[in-house]
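Remarks on the overall topology
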Amino acid sequence: MASKSLCFVLLSVLVAYYIYQPLPDNVEEKWKVMLMDATFRSLGHLSTLAEVFGMKHYMDVMMLLTYAEHTEAVSDNNVIVTDESFSGIPVRLYIPKGKSKTPRRSILYIHGGGWCLGSAAMKPYDHLSKQSAHKLNALIVSINYRLAPKFHFPVQFDDVYNVAKYFLQEKVLEKYSVDPNRIAVSGDSAGGNLAAAIAQTLLHDPEVKVKLKIQVLIYPALQALDLNTPSHKENGQMPILSKTLMVRFWSEYFTTDRSLFEAMMFNKHIPSPDAHLYKYVNWSTLLPEYLKKNHVYNLPNNQNTLLVKKYPGLLDVRASPLLAEDEKLTGLPLTYVITCMYDVLRDDGFMYVSRLREAGVQVVHEHYDNTFHGILLMDDWPFDFSIAHQIVDNYLNWLDTNL
Ligand SMILES: *[C@@H]1O[C@H](CO)[C@@H](O)[C@H](O)[C@H]1NC(C)=O
């Protein structure tokens, strides 16, 4: 009996130790955050084990969450939901019920998941799209682009781009009674990366006549050049998205070859001959003072040119929208950027805000100083955070006023 109690106590201590994680003071609902993060970490550990034993690719196990959260296309009282295909690429459409007298607004939505995970059909994305369609009386096109590790850059970009180009044709917009002057692109995390990349490319595509009114970038990843910005250094162990996982996502976007991952972990993947590109991601000039703190800016010093030759996507503006020259940014639509303080990607968002403003683009920047990456999707059971509701409400209210 005594040994059973002892086992129980030991086990409880171990579980508590596993779950407990120090969090910044201003993060709310700390225990819920820790539980949620422990769940994600467990899945990560399981994926690592499966990979170490040669059973599965890391991302194939991580995909379990995407499958577990899969929802069918189910309409409700307000929105008709269907799975379709645009230009051969699967999309989930959300059409508000009831005829509107005037053509309606529309959002092309691009889900996150590090170019490797996620789907429009995942419960949190499906829920967000339904809410957006209903509250904004907008048609939502949520794009199911192909994922790594099966497909690498530029497949993800191309899929999203092809859907956008198909949708932005006047005859297609007319079919869905969409107002060509009120279309937004929006995406979170890797989806924010793709949203920024297609907004830039559409702007300079002479075949596209209809222009975007708005781009929304929700804690986007915007550059693969410098993976050692202050936010990478400070938030490498924060909930949901560790630096290791983010670097894994970036490297898988280009290749499954582990040597890229290893070089990226040490920020030694871009050779010095390409150092001129660093001016576009120079956090020392592009971040506000309070985020630079006492971090010291150093150009990475690396002579290895092999990786950029093998994976030219590393220097491609369609993968790293921050690498665009100033002239290419001028003319981009009204931009809404969401960043979170405790996020490795925080500085990508801040740097893009600076660069867009310098290029004369109108930017509204919502920075949440008390939360972490991925929070937008946690507004439902079992991890229902009040800050997530606030962020979604602000997002929808802003779109309602501006789109
Ligand atoms: C980055 O900015 C700093 C000034 O804050 C400057 O000294 C440095 O040369 C810049 N580096 C690059 C690569 O632009």
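Residues numbered from 1 in each chain as written. Predicted model: local features only at pLDDT ≥ 70, side-chain atom pairs only at ≥ 80, totals over all residues. Heavy atoms only, no water.

**Comments concerning the site of the ligand**
Note the cut-off: To be near a molecule or strand, a residue needs just one of its heavy atoms within 4 Å of it. Nitrogen and oxygen atoms within 3.5 Å of one another constitute a polar contact, given that in protein one can donate a hydrogen and the other can accept it, and given that sequence-neighbouring residues count only through two side-chain atoms. Here the accessible surface of atoms and residues is derived via Shrake-Rupley with a 1.4 Å probe, and residues count as covered only by protein chains that are part of the display. Under the grouping applied here, Gly and all other residues not named as nonpolar or charged are polar, the nonpolar ones being Ala, Val, Leu, Ile, Met, Phe, Trp, Tyr, Cys and Pro and the charged ones Asp, Glu, Lys and Arg.
In the vicinity of the ligand, the contacting residues are Tyr-278, Lys-279, Asn-282, Ser-284, Thr-285, Tyr-297 and Leu-299. Asn-282 has a polar side-chain atom sitting 2.4 Å from an oxygen atom of the ligand. Interatomic distance of 2.6 Å between a side-chain N/O atom of Ser-284 and an oxygen atom of the ligand. With the chains in place, 51% of the 360 Å² that the ligand exposes on its own is no longer accessible. Here the residues of the shell around the ligand are counted per class, giving three nonpolar, three polar and one charged.

**Re the packing of aromatic side chains**
Just so we agree on the cut-off: Under the pairing criterion, centres of Phe, Tyr and Trp rings, with the six-membered ring standing for Trp, must be within 6.5 Å; the plane angle then separates stacked pairs below 30 degrees from edge-to-face pairs above 60, leaving the rest tilted. For helices the rule is a DSSP run of H or I covering at least 4 residues; for strands it is a run of E covering at least 2, with both sets numbered from the N terminus onward. Exposure categories follow from relative accessible area, calculated using a 1.4 Å probe and restricted to protein chains: below 20% of the type maximum is buried, above 50% is exposed, and the middle band is partly exposed.
In the structure shown here, the tally under the stated rule is 15 aromatic pairs. Pairing Phe-86 with Phe-167 gives two aromatic rings, centres 6.1 Å apart and planes at 15°, and the pair type is stacked. Taken as a pair, Phe-86 in strand β1 (residues 79–86) and Phe-167 in helix α5 (residues 155–167) lie far apart in primary sequence, 81 residues in all. Overall, Phe-167 belongs to the buried group, its relative accessible area being 0%. A ring pair is formed by Tyr-109 and Tyr-125, whose centres lie 6.1 Å apart and whose planes are at 45°; its orientation type is tilted. Linking Tyr-109 in strand β3 (residues 104–110) with Tyr-125 in helix α4 (residues 123–136), this pair joins segments that are 16 residues apart in sequence. The two residues Tyr-109 and Tyr-125 agree in class, both being buried.

**Topic: helix α10 (residues 258–265)**
Our working definition: The directions from the helix axis to the C-beta atoms are what the arc is built from. Here, residues are in contact when the closest pair of their heavy atoms is within 4.5 Å.
Looking at α10, one finds that the buried residues are Leu-260, Phe-261, Ala-263 and Met-264. Buried residues of α10 fall within an arc of 165° about the axis and therefore sit on the same side. Looking at the packing, one finds that the buried side of α10 touches α9 (243–254) and α13 (306–310). Remark: Asn-267 follows α10 within two positions and exhibits a positive phi of approximately 60°.

**Side note on the pattern of salt bridges**
Think of it this way: side chains of opposite charge can pair up when their charged atoms draw near. Worth spelling out the cut-off: Salt-bridge detection follows one rule: a side-chain nitrogen of Lys or Arg within 4 Å of a carboxyl oxygen of Asp or Glu.
One pass over the structure, following the stated rule, counts 19 salt bridges. Residue Arg-248 pairs with Glu-51 through a salt bridge whose shortest N-O separation is 3.0 Å. Residue Arg-248 is located in helix α9, and its partner Glu-51 is located in helix α2 (residues 30–52); the two are separated by 197 residues in the primary sequence. Look at Glu-51 and you get partly exposed, because its relative accessible area is 24%. Two residues, Arg-105 and Asp-400, come together in a salt bridge whose shortest N-O distance is 2.5 Å. Highlighted residues: Arg-105 in strand β3 and Asp-400 in helix α16 (residues 386–402), separated in sequence by 295 residues. Look at the salt bridges and you will find they share partners, linking Glu-51, Arg-248, Glu-252 and Arg-258 into a network.

Bear in mind that shape data such as this cannot, by itself, settle questions of function.
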